[in-house]
Amino acid sequence: MAKTETFFLRGSVTIPNAGTYTTAEIDLGSFVNVGIKSSTLLRIHDIQVQVANTSGFVPRLPGNTAECMAYQLTTQAQTAMVTLDDKSVVASGIHSMRNPDSAQNSPSQSLITDLLPQDFSEGYLVAVDSLFLAGTAGADFDDDLIVSICMEVSMEKATQAGASSLALSQQ
């Protein structure tokens, strides 16, 4: 069996610190082709995520402030955050942050994270033309947030087993 070559796809979304849901489309049309005679699917092997402010640093909070933000990667456009029981969810994460003292941008910020999976044991099979990276953030962050992802992926021909996997997991 020939080894499948992997490559990287990236995407990002800028989330205003205003509590509004914001989404960005990641175009997969160059990689996914679902046809009548043959189909090419995308398999996501690994997802790395970065959450930063617009200066590239860790999100910052004023003194004695707590805030949270959430993000998701889905196979269908959404209008708000959805939970993992929604079949369109590929991955998601939540950050709850607290600056426990009175210092601005204190290095003693604490972080509680519900982070999206970093890798999938057999990969996550995708047969859609776009993925949607989206999120929301509270108003107490000092700046807008940028959620960036880097996915290790490969392309593969559709098989009966792949079609069954898709039917059970999504779309």
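Residues numbered from 1 in each chain as written. Predicted model: local features only at pLDDT ≥ 70, side-chain atom pairs only at ≥ 80, totals over all residues. Heavy atoms only, no water.

Draft legend 1. View of the overall build of the protein. Regarding its fold elements, the protein presents 1 helix and 10 strands. Counting from the amino terminus, helix and strand elements in the protein follow one another as β-β-β-β-β-β-β-β-β-β-α. The proportion of buried residues among the 171 residues of the protein is 40%. Carbon and sulfur atoms provide 53% of the accessible area of the protein, an area that totals close to 9100 Å². (Helix = DSSP H or I, 4+ residues; strand = E, 2+ residues; numbered from the N terminus. Buried < 20%, exposed > 50% of the residue type's maximum accessible area, 1.4 Å probe, protein only. Areas by Shrake-Rupley, 256 points an atom, 1.4 Å probe, with all protein chains shown as cover.)

Draft legend 2. Geometry of the pairing of strand β9 (residues 130-137). With respect to burial, β9 is a largely interior element, 7 of its 8 residues being buried. As judged from the 6 bridges shared by strand β2 (residues 22-27) and β9, these two strands associate in the antiparallel manner. The residue of β9 that forms the bridge with A24 is L133. Sheet topology note: the strand β5 (residues 65-74)/β9 ladder contains 6 bridges and is antiparallel. Of the residues in β9, the one forming a bridge with A70 is T136. (Pairing = 2+ DSSP bridges.)

Draft legend 3. Examining the nonpolar core more closely. In this structure, L28, I44, I47, M69, L73, L131 and M151 are the most contacted members of the largest nonpolar core, which totals 31 residues. The set of elements that each furnish at least two residues to this core consists of β1 (7-15), β2, β4 (39-53), β5, β6 (89-99), β8 (119-126), β9 and β10 (145-157). At 5 residues, β10 tops the list of elements feeding residues into this core. Apart from the residues lying within four places of it in its own chain, the contact partners of L131 are A24, E25, I26, L28, I44, L73, T74, T75, V90, V126 and M151. (Core = buried A, V, L, I, M, F, W, Y, C linked by side-chain atoms within 4.5 Å. Contact = heavy atoms within 4.5 Å.)

Draft legend 4. Quick peek at unusual backbone geometry. Even without glycine at this site, N64 takes up a positive phi of about 55°. Inspection of the secondary structure puts N64 in the loop between β4 and β5.

Draft legend 5. Focus on the packing of aromatic side chains. Applying the stated criterion across every chain yields a total of 2 aromatic pairs. Aromatic pair F7 and F31: ring centres 5.3 Å apart, planes at 35°, arrangement tilted. Here F7 is found in strand β1, whereas its partner F31 is found in the loop between β2 and β3 (33-34), with 24 residues between them in sequence. On the basis of relative accessibility, which here comes to 24%, the residue F7 falls in the partly exposed class. A centroid spacing of 5.6 Å and a plane angle of 45° characterise the contact between F120 and Y124, whose relative ring orientation is tilted. What makes F120 buried here is its relative accessible area of 18%. One Lys or Arg, R60, reaches over the ring of F57 and ends 4.7 Å from the middle of that ring. (Phe/Tyr/Trp six-rings, centres within 6.5 Å; stacked < 30°, edge-to-face > 60°. Lys NZ or Arg CZ within 6 Å of the ring centre and 35° of its normal.)

Draft legend 6. Quick peek at the side chain of S39. Following the sequence through the fold, S39 ends up in strand β4. Ignoring any residue separated from it by four or fewer positions in sequence, one finds S39 in contact with N33, V34, E156, K157 and A158.

Draft legend 7. Expanded view of the confidence of the model for the protein. On average, residues of the protein score 85 in pLDDT, and 82% of them are at 70 or above. The secondary-structure element of the protein with the lowest mean pLDDT is helix α1 (residues 160-169), recorded at 59, while β2 shows the highest, at 98. (pLDDT = per-residue confidence, 0-100.)

Draft legend 8. Broad picture of the environment of P16. Examined against the element boundaries, P16 turns out to sit in the loop between β1 and β2. Each C-alpha atom, one on P16 and one on G135, is 9.3 Å from the other, the two residues being 119 residues apart in sequence. In contact with P16, other than residues within four places in its own chain, are T22, A137 and D144.

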